[in-house]
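Summary of the model geometry
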Amino acid sequence: MDSYLHLGEPVDPDKYVVCKYRVTTDLPMEKAAEAIAAEQSTGTWTGISTLDNEVFTSLGARVVDITGDTIIVEFPIDDFSIEVGTVPQILSVIAGNLFGLGALKGVRLEDVNFPKAILEQYKGPKFGADGIRKMLGRPEKPLVGTIVKPKIGLNPKKTAEYVYEAGAGGLTNSKDDETLVDQLFCPIEDRTLAVAEALDRLEAEGHKMMHAINVSTRGDKIVELAEKVQSWGAREIMVDVITCGFGAVQALAEDPSIKVPIHVHRTMHGAFTKDPLHGVAMLPLTKLTRMCGGDALHIGTLGVGKMSGSTKEDANLLACLGNDVPYKSVMPVCSGGVYPGIVEAIVKKAGNNVQIQAGGGVAGHPDGVRAGAMGMSQAVDAAFLGIPKEEYAKDHKELAIALETWGSK
Ligand code: CAP
Ligand code: MG
């Protein structure tokens, strides 16, 4: 049997799924790369009598490059399920057993590129960044939002009051937190109805806003729950892609009865995106979320906020907005430890086509939620206009107090 090594051979992006892995091992890199290619395609830990040459040649993964600790492995398109849109099977190939291989100290999937024939099996976002902007009547400025805080504990009435105050302070978006779905203290039906009333009131007063209701639940119930919250007046829904799965995002996006955008949260991603030497980087997860139809996705704060991040988040931003795939763009959401003093830095890195949101950075304002929302909105306006925040704060009191309270970067 031939080897899985095809070093230096040209990559054909129309015939292969091309993956980039970072590998840490005591083995010679060729051996480690071969072990990965074998385990993830036609092989196992020993030679097997059932593998013939034809199968090996047509379905075996191919290691086409090894540079330092980084390897490029391409998987023939026929390794992937022909059933339309099957991310679980894709993940089993490109991000499956290899993480447990004892011969490797660490391995991290850094990036993946899919051939056109696979991309075409997916529909991408129904609304995307442009659709959300259109619904909000905000074509250019960064969207500015909040996460209702505390994460858990407010009843429906208090949640709706929070949303109303946030909208009255100028925010375009708000959302449930990832740990809130349908608890006794805040049943989802009552919450959705109360929030819808607050949003209607804001709209009657001339301000358009959306609030994402978290429908993250078991797979067989998620579309049904989304339909219900929609019928109760939800203008956007939220789903946690890691805990619910890509199939859940896809089921919601492709169901014709769901007519509101999907805000995609990524709670738990840190379990495998944080270690630079092991796991899965956010980039492949961003690409898959866009394929499956997420309309907005958390990408971190480009190293500025509370969650760890790095310049690699630039690649996630591009994966949301780039036009190298046949889908609408995804609204990138910068969240996690955001406050008015870092908005300018975020906009400098991310540009204007982004949703910037703050939980603590709104609810923690000394003068309350409305003032917190005003502080965030003013910070976004200043960044959009290219006016230094300190300058803008001279005649925008809420921003001035926020800068005084939390400082800036
Ligand atoms: C933000 C947030 C989000 C984080 C998650 C939170 O709140 O609601 O869940 O953004 O991180 O609870 O931390 P704060 P990421 O504004 O109060 O920090 O977006 O990186 O997935
Ligand atoms: Mg949260």
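We now turn to the structure provided with this report. (Residues numbered from 1 in each chain as written. Chains lettered and ligands numbered in written order. Predicted model: local features only at pLDDT ≥ 70, side-chain atom pairs only at ≥ 80, totals over all residues. Heavy atoms only, no water.)

**Structural notes on the packing of aromatic side chains**
Aromatic ring pairs: the centre-centre distance and the angle between the two ring planes describe each pair. Per the stated rule, a full pass over the model turns up three aromatic pairs. Ring centres of F75 and F80 lie 6.5 Å apart, and the angle between their planes is 85°; on these two criteria the pair is classed as edge-to-face. When its relative accessible area of 7% is taken as the criterion, F80 is described as buried. Taking NZ or CZ as reference, R201 lies 4.2 Å from the ring centre of Y164, over its face. (Phe/Tyr/Trp six-rings, centres within 6.5 Å; stacked < 30°, edge-to-face > 60°. Buried < 20%, exposed > 50% of the residue type's maximum accessible area, 1.4 Å probe, protein only. Lys NZ or Arg CZ within 6 Å of the ring centre and 35° of its normal.)

**A closer look at the coordination of the magnesium ion (ligand 2)**
For the magnesium ion (ligand 2), the full set of protein donor atoms is D177 (OD) and E178 (OE), and the range of their distances to it is 1.9 to 2.1 Å. For D177, a relative accessible area of 2% corresponds to the buried category. (Donors = N, O, S within 2.8 Å, 3.2 Å for Na, K, Ca; no water.)

**Topic: the side chain of E344**
Inspection of the secondary structure puts E344 in helix α14 (residues 340–350). By relative accessible area, E344 is classed as buried at 17%. Beyond its immediate stretch of four places on either side in the chain, E344 contacts A383, I387, P388 and K389. (Helix = DSSP H or I, 4+ residues; strand = E, 2+ residues; numbered from the N terminus. Contact = heavy atoms within 4.5 Å.)

**Notes on the sheet that holds strand β1 (residues 16–25)**
Reading across the sheet, the five strands line up as β2-β3-β1-β4-β10 and stay open at both edges, with mixed pairing between neighbours. Edge positions in the sheet fall to β2 (62–67) and β10 (279–280), since each has one partner strand and no second. When β2 meets strand β3 (residues 70–76), the two strands line up antiparallel, connected through five bridges. Following the sheet pairing, V63 is matched in β3 by V73. Relative to the sheet, helix α3 (residues 87–94) contacts β1, β3 and β4 (104–113), its axis offset from that of β1 by approximately 45°. Helix α12 (residues 282–292) rests against β4 and β10 of the sheet, and its axis sits at about 35° to β4. (Pairing = 2+ DSSP bridges. Axes fitted to C-alpha atoms, helices over the stretch in contact; angles between N-to-C directions.)

**Focus: α3**
Among the residues of α3, V87, I90, V93 and I94 are the ones counted as buried. Buried residues in α3, looked at end-on, bunch into an arc of 120°, giving them a common side. (Arc of directions from axis to C-beta.)

**Structural notes on the environment of D314**
Along the chain, D314 falls in helix α13 (residues 313–321). In sequence terms D314 and I48 are 266 residues apart; their C-alpha atoms lie 44 Å from each other.

**A few points about the state of the cysteines**
Taken as a whole and assessed by the stated rule, the structure comprises zero disulfides. Here C186 is not cross-linked by a disulfide; its sulfur's nearest cysteine counterpart is in C244, at 18 Å. Take C186: its relative accessible area is 0%, and that puts it in the buried class. Of the cysteine sulfurs around C292, a residue in no disulfide, the closest is that of C244, at 13 Å. (Disulfide = S-S within 2.5 Å.)

**A few points about the environment of V354**
Relative to the assigned elements, V354 resides in the loop between α14 and β13 (355–358). We classify V354 as buried; its relative accessible area is 0%. Counting along the chain gives 352 residues from V354 to D2, while the straight-line C-alpha distance between them is 49 Å. Among all residues touching V354, those that are not within four sequence positions of it are R133, P142, L143, M331, P332 and C334.

**A word on the pattern of salt bridges**
In this structure the tally under the stated criterion is 23 salt bridges. Here D176 ties to R191 by a salt bridge, and the two come within 2.9 Å at their closest N and O atoms. Highlighted residues: D176 in the loop between β6 (173–175) and α7 (188–204) and R191 in helix α7, separated in sequence by 15 residues. A salt bridge links E344 to K348; the nearest nitrogen and oxygen atoms lie 3.7 Å apart. Note that E344 and K348 are positioned in helix α14 at a spacing of four residues, about one turn of the helix. Exposure remark for K348: the relative accessible area of 68% places this residue in the exposed category. Via salt bridges that share partners, K149, K151, D177 and E178 belong to a single interconnected network. (Salt bridge = Lys/Arg side-chain N within 4 Å of Asp/Glu carboxyl O.)

These results come straight from atomic positions and should not be treated as a statement about function.
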